[in-house]
Number of protein chains: 2
Amino acid sequence: MTEGGKEIERLIELMARLPGLGPRSARRAVLALIKKREMLMDPLARALAEVAATVRECEICGNIGTGPRCAICLDPKRSDTELCVVEDVADLWAMERGRSFRGRYHVLGGVLSALDGVGPDELRIPRLIARVEEGAIAEVILALNATVDGQTTAHYIADQLESLPVELTSLAQGVPVGGELDYLDDGTISAALRARKRL
Amino acid sequence: MTEGGKEIERLIELMARLPGLGPRSARRAVLALIKKREMLMDPLARALAEVAATVRECEICGNIGTGPRCAICLDPKRSDTELCVVEDVADLWAMERGRSFRGRYHVLGGVLSALDGVGPDELRIPRLIARVEEGAIAEVILALNATVDGQTTAHYIADQLESLPVELTSLAQGVPVGGELDYLDDGTISAALRARKRL
Ligand SMILES: [Zn+2]
Ligand SMILES: [Zn+2]
């Protein structure tokens, strides 16, 4: 109980559900918002409503954007022959921060996991195979996390694409064992991309 | 650049201004919001807009609430004879979590600070003196942080109230030197309140 009224209680409760925030930091965040109503709370409320109203998944790659196709898929300056496969949008953003990949992406939406009951059809794997079968892609770069499930998923995808005329590579040097892309610095990701090896 | 569109950029930038969130955790929070649009993003946007539209400072004590007077000032079951003075609303909430104080509050809105140019008139100190002069309050409990500025402020208030027929106490046992109320566990605050000593 904060004695701040049920609207404020509710706001704290919702903020506390965000990753990285607990009840205490949610309370502090809400007090900061209230103190900076015009500079922070009002703009944040508007930005949230705007994103909630406009954000959607790209129909091609699974990235998020504000139209049927994302900014990357629509960018005419990017190469159609290189396709980078990532687990989720956070990893796509991490790759982009590396600033060295200029092809297209495919966001799986997770990794295969027997434990969590995630099979190929729960991910964007059938759609990946279909994209490769269209024939324009020359190289598929698997930029999956160096976790057990990430590597299982990479092997599964490699098997599925084996019969297709596409070069299959993966990020290599620089990704630490058990490491997650989104926690790496930008230079490490660039180095791993440059040193990518054939599977 | 996240390639997520300028609306998403803007949302991340605003989230990153919250205490406890940096650019990376703001990105993660925004992705979590987008993933849980109906369960989290929409309710959070509504809750923020509602709080932004309704929250205000209590005209009596400086607590926040949704009317001219806060829930604590309006509560008929609380004692009018005990007044607890705190630095800010976070400290009031921390006191309330201790569940042992059943009087009223006075939120100063900060502490005296020569360095930051904060004098008595920048705080709710004149209003505190006026409340005490009204005569209903028998005891003023100073629940200020055990910091240099907090203790300077306590001494200043003690001087100002000296000539008035009111008992002046402060939280004692349990508040560590340099400690801030909002970081203490609830039991420590209760113990400090119970062992409060006369100034
Ligand atoms: Zn796309
Ligand atoms: Zn009040």
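Residues numbered from 1 in each chain as written. Chains lettered and ligands numbered in written order. Predicted model: local features only at pLDDT ≥ 70, side-chain atom pairs only at ≥ 80, totals over all residues. Heavy atoms only, no water.

- Naming follows an unreviewed UniProt entry, where chain A appears as Recombination protein RecR of Halovulum dunhuangense.
- Heading Function (unreviewed entry) of the UniProt record for chain A holds this comment: "May play a role in DNA repair. It seems to be involved in an RecBC-independent recombinational process of DNA repair. It may act with RecF and RecO."
- Here is the UniProt Sequence similarities (unreviewed entry) comment for chain A, exactly as written: "Belongs to the RecR family." (UniProt positions renumbered as here; feature names shortened; annotations may be inferred.)

Here's the deal with the coordination of the zinc ion (ligand 2)
Under ideal tetrahedral coordination, the four donors around a metal are separated by 109.5 degrees; under ideal octahedral coordination, the six donors are separated by 90 or 180 degrees.
All names here are of chain B.
Link 1 in the chain: Surrounding the zinc ion (ligand 2) are the protein donor atoms C58 (SG), C61 (SG), C70 (SG) and C73 (SG), which sit 2.3 Å from the metal.
Link 2 in the chain: One way to put it: the four donor atoms around the zinc ion (ligand 2) meet at angles of 103 to 117°, and that makes the site tetrahedral.
Link 3 in the chain: For the zinc ion (ligand 2), the donor residues sit on a single chain with the sequence spacing C-x2-C-x8-C-x2-C. Placement of C58 in the loop between β1 (56-57) and β2 (64-65) and of C73 in helix α4 (residues 71-74) is noted, with a sequence separation of 15 residues between them. Accessibility assignment for this pair places C58 and C73 in one class, buried. (Donors = N, O, S within 2.8 Å, 3.2 Å for Na, K, Ca; no water. Tetrahedral: all angles 85-135°; square planar, octahedral: opposite > 155°, others 65-115°. Helix = DSSP H or I, 4+ residues; strand = E, 2+ residues; numbered from the N terminus. Buried < 20%, exposed > 50% of the residue type's maximum accessible area, 1.4 Å probe, protein only.)

What to know about the nonpolar core
Link 1 in the chain: In terms of nonpolar packing, the biggest core is built from 92 residues, with I8, M15 and M95 of chain A together with I8, M15 and M95 of chain B touching the most fellow members.
Link 2 in the chain: Apart from the residues lying within four places of it in its own chain, the contact partners of M15 of chain B are L18 and L44 of chain A together with L21, A26, A29, V30 and L33 of chain B. (Core = buried A, V, L, I, M, F, W, Y, C linked by side-chain atoms within 4.5 Å. Contact = heavy atoms within 4.5 Å.)

Things to note about the coordination of the zinc ion (ligand 1)
Link 1 in the chain: The protein atoms that coordinate the zinc ion (ligand 1) are C58 of chain A (SG), C61 of chain A (SG), C70 of chain A (SG) and C73 of chain A (SG), at distances spanning 2.3 Å.
Link 2 in the chain: Site description for the zinc ion (ligand 1): donor spacing in sequence, C-x2-C-x8-C-x2-C.

With respect to the layout of surface pockets
Link 1 in the chain: A volume near 530 Å³ is recorded for the largest pocket.
Link 2 in the chain: In terms of lining residues, the largest pocket is bounded by 25 residues, among which L31 and K35 of chain A together with D88, V89 and A90 of chain B are the most central.
Link 3 in the chain: Only α2 (23-35) of chain A together with β1 and α5 (89-98) of chain B provide two or more residues apiece to the lining of the largest pocket.
Link 4 in the chain: Considering every element that reaches the lining of the largest pocket, the biggest residue donor is α2 of chain A, with five residues.
Link 5 in the chain: Of the residues in the lining of the largest pocket, the class split is nine nonpolar, four polar and 12 charged. (1 Å grid on protein atoms, 1.4 Å probe; cavity = no way out; pocket = protein on both sides within 12 Å on 5 of 7 lines; lining within 4 Å. Points joined across faces, edges and corners; volume = space filled by probe spheres on them. Nonpolar A, V, L, I, M, F, W, Y, C, P; charged D, E, K, R; others polar.)

Considerations on the pairing of strand β5 (residues 139-142) of chain B
Residues and elements named next belong to chain B.
Link 1 in the chain: Side-chain alternation along β5 places E139 and I141 on one buried face and V140 and L142 on a second face that is also buried.
Link 2 in the chain: Judged from the four bridges that link them, strand β3 (residues 82-86) and β5 form a sheet pairing that is parallel. The residue of β5 that forms the bridge with L83 is V140.
Link 3 in the chain: The sheet contact formed by β5 and strand β6 (residues 167-170) spans four bridges and is parallel. (Pairing = 2+ DSSP bridges.)

Quick look at the interface of chain A and chain B
Link 1 in the chain: Contacts between the two partners involve 56 residues from chain A and, on the opposite side, 56 residues from chain B.
Link 2 in the chain: Taken together, the two surfaces of chain A and chain B that pack against each other cover about 5,400 Å², and 68% of this comes from carbon and sulfur.
Link 3 in the chain: Here chain A and chain B share zero salt bridges between them.
Link 4 in the chain: Inspection of the chain A/chain B interface yields six residue pairs in polar contact (both at pLDDT 80 or more).
Link 5 in the chain: Elements that contribute at least two residues to the side of chain A that touches chain B include exactly α1 (6-15), α2, α3 (37-54), β2 (64-65), α4 (71-74) and α5 (89-98) of chain A.
Link 6 in the chain: The dominant element in the side of chain A that touches chain B, judged by the number of residues it contributes, is α3 of chain A, at 15 residues.
Link 7 in the chain: Here the side of chain A that touches chain B is built from residues that sort into 34 nonpolar, six polar and 16 charged. (Buried area = accessible area lost by both parts, 1.4 Å probe. Salt bridge = Lys/Arg side-chain N within 4 Å of Asp/Glu carboxyl O. Polar contact = N/O pair within 3.5 Å; in protein donor to acceptor, adjacent residues only side chain to side chain.)

Quick look at the confidence of the model for chain A
Residues and elements named next belong to chain A.
Link 1 in the chain: Averaged over all residues, the pLDDT of chain A equals 87, while 87% of them reach at least 70.
Link 2 in the chain: Least confident of the elements in chain A is strand β7 (residues 197-198), whose mean pLDDT is 64; most confident is strand β4 (residues 104-107), at 97.
Link 3 in the chain: Per the prediction output, this complex has pTM 0.75; the corresponding ipTM is 0.76. (pLDDT = per-residue confidence, 0-100.)

A short note on the pairing of strand β3 (residues 82-86) of chain A
Residues and elements named next belong to chain A.
Link 1 in the chain: For β3, the tally of buried residues reaches four of five residues, placing the bulk of the element in the interior.
Link 2 in the chain: Where β3 lies against β4, four bridges are found, and the strand directions are parallel. Residue pairing in the sheet places V86 in a bridge with V107 of β4.
Link 3 in the chain: With α5 bridging β3 and its parallel neighbour β4, the resulting β-α-β unit is right-handed. (Right-handed = clockwise from strand over helix to strand, strands pointing away.)

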